[in-house]
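Each chain is listed here by its residues.
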Amino acid sequence: MSKTFDQWVGLDVKNSLELLESTSEGLSVSQAKERLQKYGPNEFIKHDIGWWDVLRRQFTSPFTLILVVVTMVSFALGQMIDGLMVLLFLVINVSLSFFQEYRSERSIKLLKKFITTKTHVMRGGKEELVEGRSIVPGDIILIEAGDIVPADVRLIEVTNCTIDESSLTGESISVEKSVEPINTHEIFKAQCIAFSGTHVLVGRALGVVFATGLYTEIGSIAQLTDQAKRVSGFETSITAYSQVILRVIFFTLLIVIGLNIAIKRESIDLFSLLFFCIALAISVIPEGLPVVTTLALSQGALMLAKLKVVVKRLSAIEDLGSIEVLCTDKTGTLTENVLSVADVFTLRNDKRELIMIAAVGSSFLGRQKKEPNNSFNIALWKQLSDADKKMARSITFELVLPFDPMRRRSTVVIVRKDHHEIVVRGVPELLIKASNASSAEKKNALAWASDQGKKGMRVLAVTKKVSKTTVKEIKGEMDIEGGELVGVIAFEDPLKSSAVVALRRAKELGVQVKILTGDSAEVSTHVAQKVGLIQSSDEVITGEAFENLSPLEQHEAVVSHHVFARISPEQKHAIIHILQDHQSVGFLGEGINDAPALKTAQVGIVVHGASDIATQAADVVLLDNDLGVIVDGIQKGREVFANTVKYIQATLSSNFGNFFAVAVASLLSSNLPMLPLQILLLNLLSDLPMISIATDTVDPDELHAPKKYQVHEVVALASILGIVSSFFDFTFFAIFSHQNPANLQTYWFIGSVLTELAFIYSIRVQKFFLTSVRPSVLLIGLSVVAAITSIVVPFTAFGQRVFEFIHPTAQSMGIVMFIVVLYFVVTEAAKLAYYSFAKKIEVKVHV
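Note that the structure is a prediction, hence the values are computed from the model and not measured.

Caption draft 1: Layout of the overall build of the protein chain. Each helix and strand in the protein chain was counted, giving 33 helices and 21 strands. With 847 residues in all, the protein chain has 54% of them scored as buried. Contacts spanning at least 24 positions in sequence make up 73% of the contacts within the protein chain whose residues lie at least 6 apart. If you sum the accessible surface of the protein chain, you get close to 37,400 Å²; carbon and sulfur atoms cover 59% of it.

Caption draft 2: Structural detail: the pattern of salt bridges. For the structure on display, the rule yields 18 salt bridges. With a shortest N-O distance of 2.8 Å, Asp139 and Arg123 are connected by a salt bridge. Placement of the pair is Asp139 in the loop between β2 (126-131) and β3 (140-144) and Arg123 in strand β1 (residues 118-123), with a sequence separation of 16 residues. Overall, Arg123 belongs to the buried group, its relative accessible area being 11%. Taken together, the salt bridges that share partners define one network made up of Arg348, Glu353, Lys464 and Glu484.

Caption draft 3: View of the nonpolar core. Formed by 55 residues in total, the largest nonpolar core has its most connected members in Phe276, Leu681, Trp748, Phe749, Phe803 and Val816. Every element with two or more residues in this core is listed here: α9 (233-264), α10 (270-284), α27 (627-668), α28 (676-691), α29 (711-736), α30 (741-763), α31 (777-792) and α33 (810-846). The biggest single contributor to this core is α30, with 11 residues.

Caption draft 4: A look at the pairing of strand β11 (residues 397-404). Of the strand pairs in this sheet, β11 and strand β12 (residues 409-415) are connected by 5 bridges, and their pairing is antiparallel. Opposite Phe397, over in β12, you have Ile414 as the bridge partner. Remark: 4 residues form the turn of the hairpin made by β11 and β12, two consecutive strands paired antiparallel; Arg408 in that turn has positive phi of roughly 60°.

Caption draft 5: Expanded view of the sheet that holds strand β19 (residues 585-589). Strand order in the open sheet formed by 8 strands is β8-β21-β20-β19-β9-β16-β18-β17, and the pairing between neighbours is mixed. Of all the strands in the sheet, just β8 (309-311) and β17 (540-542) have a single pairing partner and so form its edges. The mean angle between the axes of side-by-side strands here comes to 20°, regardless of whether they run parallel or antiparallel. Looking at chain direction, strand β16 (residues 512-516) and strand β18 (residues 563-565) are connected through 2 bridges and run parallel. Bridge assignment links Leu516 to a residue of β18, and that residue is Phe564.

Caption draft 6: Local environment of the environment of Leu509. For Leu509, the location among the structural elements is in the loop between α20 (499-508) and β16. Given the relative accessible area of 6%, Leu509 is considered buried. Spatially, the C-alpha atom of Leu509 lies 8.8 Å from that of Glu324, the residues being 185 residues apart in sequence. Once residues lying within four places of it in the same chain are set aside, the contact partners of Leu509 are Val631, Ile634, Gln635, Arg638, Leu703, His704, Ala705 and Pro706.

Caption draft 7: Structural detail: the sheet that holds β12. Taken in spatial order, the 6 strands make up an open sheet running β10-β15-β14-β13-β12-β11, and their pairing is antiparallel. Looking along the sheet, the strands with just one partner apiece sit at the ends: β10 (340-345) and β11. For this sheet the average axis-to-axis angle between neighbouring strands, irrespective of direction, equals 20°. Note: strand β14 (residues 458-467) against strand β15 (residues 484-492), 7 bridges, orientation antiparallel. Bridging from a neighbouring strand, Arg458 pairs with Phe491 of β15.

Caption draft 8: View of the confidence of the model for the protein chain. Here the protein chain averages 80 in pLDDT, and 81% of its residues register 70 or above. Mean pLDDT values over the elements of the protein chain span from 56, in helix α19 (residues 470-475), up to 93, in α31. The model gives residues 222-230 a pLDDT under 50, and that stretch makes 18 contacts with residues more than four places away or in other chains.

Caption draft 9: Focus on the packing of α28 against α31. The interhelical angle for the contact between α28 and α31, taken along N-to-C directions, is 170°, at an axis separation of 8 Å. In terms of orientation, α28 lies roughly antiparallel with respect to α31. Two secondary-structure elements touch here, α28 through Leu685, Leu688 and Pro689 and α31 through Leu779, Leu782, Ser783, Val785, Ala786, Thr789 and Ser790.

Caption draft 10: Broad picture of the packing of aromatic side chains. Per the counting criterion, the structure on display carries 14 aromatic pairs. Aromatic pair Phe803 and Phe805: ring centres 5.8 Å apart, planes at 20°, arrangement stacked. Across the pair, exposure class does not vary: Phe803 and Phe805 are buried alike. Feature note: the residues Phe749, Phe798, Phe803 and Phe805 constitute an aromatic cluster, connected by ring pairs.

Caption draft 11: Quick peek at the packing of α30 against α31. Interhelical geometry of α30 versus α31 gives an angle of 165° and a closest axis separation of 9 Å. The angle between α30 and α31 falls in the class roughly antiparallel. Judged by the twist between their axes, the crossing of α30 over α31 is left-handed. The residues of α31 that touch α30, namely those facing Phe749, Ile750, Val753, Leu754, Leu757, Ile760 and Tyr761, are Leu779, Ile780, Ser783, Ala786, Ala787, Ser790 and Ile791. Residues belonging to the contact of α30 with α31 are distributed by class as follows: 12 nonpolar, 2 polar and no charged.

Caption draft 12: A look at unusual backbone geometry. One non-glycine residue, Glu21, lies in the positive phi region at around 50°. Take Glu21: it is sitting in the loop between α2 (13-19) and α3 (29-39). In this structure Glu21 comes out as exposed when scored by relative accessible area, which is 60%. For Glu804, which is not glycine, the phi torsion reads 60° and is therefore positive.

Caption draft 13: Quick peek at the side chain of Glu828. Within the element layout of this structure, Glu828 appears in helix α33. Relative accessible area serves as the criterion here: at 4%, Glu828 is assigned to the buried category. A distance of 3.2 Å separates a polar side-chain atom of Glu828 from the backbone nitrogen of Phe769. With sequence-adjacent residues up to four places away left out, Glu828 is seen in contact with Ser762, Lys767, Phe768 and Phe769.

Caption draft 14: Representation of the pairing of β14. Counting buried positions along β14 yields 9 of 10 residues, so the element is predominantly enclosed. Direction of pairing for strand β13 (residues 420-426) relative to β14: antiparallel, over a ladder of 7 bridges. Bridged to Val424 within β14 is Thr463.

Caption draft 15: Structural detail: the environment of Ser776. Tracing the chain through its elements places Ser776 in the loop between α30 and α31. A relative accessible area of 8% means that Ser776 is categorised as buried. For the pair Ser776 and Thr695, spaced 81 residues apart in sequence, the C-alpha separation works out to 6.5 Å. Residue contacts for Ser776: discarding those within four places in its chain leaves Ser692, Thr695, Asp696 and Thr697.

Here is what the cut-offs are and how they apply
Residues numbered from 1 in each chain as written. Predicted model: local features only at pLDDT ≥ 70, side-chain atom pairs only at ≥ 80, totals over all residues. Heavy atoms only, no water. Helix = DSSP H or I, 4+ residues; strand = E, 2+ residues; numbered from the N terminus. Buried < 20%, exposed > 50% of the residue type's maximum accessible area, 1.4 Å probe, protein only. Contact = heavy atoms within 4.5 Å. Areas by Shrake-Rupley, 256 points an atom, 1.4 Å probe, with all protein chains shown as cover. Salt bridge = Lys/Arg side-chain N within 4 Å of Asp/Glu carboxyl O. Core = buried A, V, L, I, M, F, W, Y, C linked by side-chain atoms within 4.5 Å. Pairing = 2+ DSSP bridges. Axes fitted to C-alpha atoms, helices over the stretch in contact; angles between N-to-C directions. pLDDT = per-residue confidence, 0-100. Parallel < 35°, antiparallel > 145°, perpendicular 65-115°, else oblique. Phe/Tyr/Trp six-rings, centres within 6.5 Å; stacked < 30°, edge-to-face > 60°. Left-handed = near helix turned anticlockwise from the far one by under 90°. Nonpolar A, V, L, I, M, F, W, Y, C, P; charged D, E, K, R; others polar. Polar contact = N/O pair within 3.5 Å; in protein donor to acceptor, adjacent residues only side chain to side chain.

Structure (structure tokens):
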């Protein structure tokens, strides 16, 4: 492990294996366990976030630090009761935030178990699939197209293997690998080394691991330890919102302090004024926003996990909700991807020979696997007799190139007595045209394939040819030229029973689905019509036709067409890029060449078991390849967004209305309109149910279209409702200010808590509250607790001694309740009027 790559690059295969005390059959299970204990797991050091990390994080927020300072100052000045109460508020708030964030961190850690990377390793002469973190020096690993290299490896066997090393070197030119030693100190010249973090473009290779974890090149320079995080538009908006709020609070309080000092001069208690202003700032700071956002996202992530959807970053849930266009393949999402041989076309009418040769062309045989590994191979394998299977397993393979979307075919080379035989399976249009069949035979074969496609069948052509110079021909892309056309096979792939329902739900959510597939136009048209996605073939365009369009025509085609057939990975990327000019796009992919499109889309989605490079590029992993679960994810994303915006609107409206009213009232009264501890208690009681908004049910009407965080819309509504809130706060002040200060403080406190609680039930929906969906049980429960506490505390000796409340009278409480009810009625009317006006404006804009 201590040797660097430039020392391994000069060693031949034999010496490399000897030095690592390994063989071509790999390590034994016991050897692997011993070395794992010695060298540690194959990963960069990432400390698990413990409870102490989450607790420490609570003391980095301005809100918490302010409370700490106030507590220390209170104790220093001998204000023991004030200090103890502020300390109590600090403990309660920190505990609430800690509990929610720690639970969220545990949830994220649990979800990560679903998406561990696995690697093919030789253990005791047998190929096994193991977690990448358990790889050790001396392990013999197999890498092929689509894999991310899990460790630094000295290659011992290479089959047309080309690797993209840009993640390590920054060089965009891929490197063709070999097993020959070379004397070099430069990474990009180390052709016999495969480096950790790079990914295989084509071919396959065997190699012996010589460095893992931090001992790898990429680990030692820590180039992957801090992956660039994709920041969602929602996260950016929330950050901007928080900064604006803090600036407004800071400058407002400076003005309040300055005016109080100027107006009251000698009579002012500077400590009480500063304590009051600090408490006032705390009451309006949306300190619950991170908790609400994290709780909503983590709950959404856990619920999606139950639906077999795993998110790699929490903010991707909100991005899921913003999807307007979902681009997906049809195979596995709209169809079952469980194939069966439906029909065959042969020139010699020998079905058995065709099926046998097609099965021999399976990559799993060349890799000496026990069972077939994809739907085509499974269907073919089922057609063989036991004798044919035994014969197929006895064949010696010299070269195996799995299906490549760029080449549109797979290739194997098998060893015969005096020659090699190249067997190719792939797209009929490509293989039939390149074969040595006559013009009439080619015409008949193509017509047959087209007819099968129109019936919804997936079609595979098979060719073979004798070769004396195998490797040269394959490298020269000559494997299909002049081959004998063995035949064409049609496979039936039934529609998923859930596909039609999923598409209907997507439409209800305002999501447009577009199919991007490598299948033929005929097959794609048949499936799309069956599920009701399109009405005619005019809505289908092929990759070739798309490529021949001008840039302007391509933009028009992307909008007007819903199915794109026989498209290349580059064309997928281009289509998504064009769509993103005006819409938020989600892309579902799984192949090697889907990575660019996955990175380009706002939300990259892959199926569990997709290629390593595709999984790394994605934000969301589906454990079940079903369009329905993606639609579930989109709906959940919108619910998370709706609940987070509810919190922002509620705090911005009610808190700011109360904040400005109390601040102005402090200038109009010789005494403080509300004591600092009363303000802190008000903040605690109103925030308790506010946090539970993350669990609230969302009205279905708010999920019909993707929503985006619009600052001006939130501020417009908050300004209107904030004015209403301030008006009623001044009403409390006007009614009770002529009484002694304790009366004003007590009744304003009770009224403020109750109006803020009532406000939650108005702002949580856009329609009339009685016709909306029922609030969550947690929201109702915490609201009741907060309301009862706000009313009961002033009646207690504790509340009167510590918070300086007075014993409320029945008459005054009746006035408070009347104002609270009137406030709710006016707030509802203002809210309904605003949304009615906003909808009219929206309609005019669209018209």
